[in-house]
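Secondary and tertiary structure notes
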Amino acid sequence: MTTPYQHNLDEVIEKIEFARLQVNAHHIVKIVAVSKYSTAEEIQSLLEVGQRAFGENKVQDLITKSQELEDLPIEWHFIGNLQKNKINNLIDANPMLMQSLDSLELALAMNSKLKAKDQTMDMLVQVNSANEASKSGLSVDETLDTYAQISEQCPNINLKGLMSIGAHSDDKKLIKQSFEQTRALFDKLPNNQDLICSMGMSSDYELAILCGSNMVRIGSKLFK
Ligand SMILES: *Cc1c(COP(=O)(O)O)cnc(C)c1O
């Protein structure tokens, strides 16, 4: 019997396949299922049909859901805006990847708390390539310098690439431009063949892949 989750995941995988093969046969794209509006039970249903990576945007939700599902082989990602007073909680939750590092100041604060706990964490730097006031992230102009500064000054942070949210628009050209901006920055990162370019959500993941994304964060299309 095909569950709705199986159907949703199959549909997304099929579209990802079609897009990634237009980039090239070796362009692998990873799916992070964004579970911020979903219950632990719904996450478990999607896990049962093969989805392993899940993303939350609130530290408290990450903690609650990862505790509820702690016996299951889930890989957690943090994708939200992190307030300074939640840094220790996030470190204790120990996600596989923190995707939303959006300032040098936050990086320094996280680094010192990581150091105190003798831990490291993999992170992506968030870029506000659509240049929208409502979005977190570094501006395009400051991203490469700040990325280099974090690499130098924060030994307990392992930088793994960039994350960006596409332009909030109905105009495909604008969305495409924002993805291309992010990808152009990504192409300038040192040793980027092993790095992550996380862009694309339910409404625009195929376009993001065509622009070079190798990680998509999909919520509503998987949990509908
Ligand atoms: C909510 C969210 C997503 C997923 O959004 P959908 O449109 O439901 O796919 C992806 N990335 C971030 C940072 C989010 O907050």
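Throughout what follows, the structure given in this document is the object of discussion. (Residues numbered from 1 in each chain as written. Predicted model: local features only at pLDDT ≥ 70, side-chain atom pairs only at ≥ 80, totals over all residues. Heavy atoms only, no water.)

1. Here we look at the packing of helix α5 (residues 104-116) against helix α6 (residues 140-153)
Close contact between α5 and α6 brings their axes to 10 Å; oriented N to C, the two are set at 15°. The pairing of α5 with α6 is recorded here as roughly parallel in orientation. Two packed elements cross with a definite hand, and for α5 against α6 that hand is right-handed. Of the residues in α6, those in contact with Leu 104, Ala 107, Leu 108 and Asn 111 of α5 are Thr 146, Gln 149, Ile 150 and Gln 153. Across the contact of α5 with α6, the residue classes tally to four nonpolar, four polar and no charged. (Axes fitted to C-alpha atoms, helices over the stretch in contact; angles between N-to-C directions. Helix = DSSP H or I, 4+ residues; strand = E, 2+ residues; numbered from the N terminus. Parallel < 35°, antiparallel > 145°, perpendicular 65-115°, else oblique. Left-handed = near helix turned anticlockwise from the far one by under 90°. Contact = heavy atoms within 4.5 Å. Nonpolar A, V, L, I, M, F, W, Y, C, P; charged D, E, K, R; others polar.)

2. Examining the pattern of salt bridges
Scanning the model with the defined rule gives nine salt bridges in all. Here Glu 11 ties to Lys 224 by a salt bridge, and the two come within 3.4 Å at their closest N and O atoms. Of the two residues, Glu 11 is situated in helix α1 (residues 4-23) and Lys 224 in the segment after α9 (220-223); the sequence distance between them amounts to 213 residues. Here Glu 11 falls in the partly exposed class, since its relative accessible area comes to 28%. Overall, the relative accessible area of 57% leaves Lys 224 in the exposed class. (Salt bridge = Lys/Arg side-chain N within 4 Å of Asp/Glu carboxyl O. Buried < 20%, exposed > 50% of the residue type's maximum accessible area, 1.4 Å probe, protein only.)

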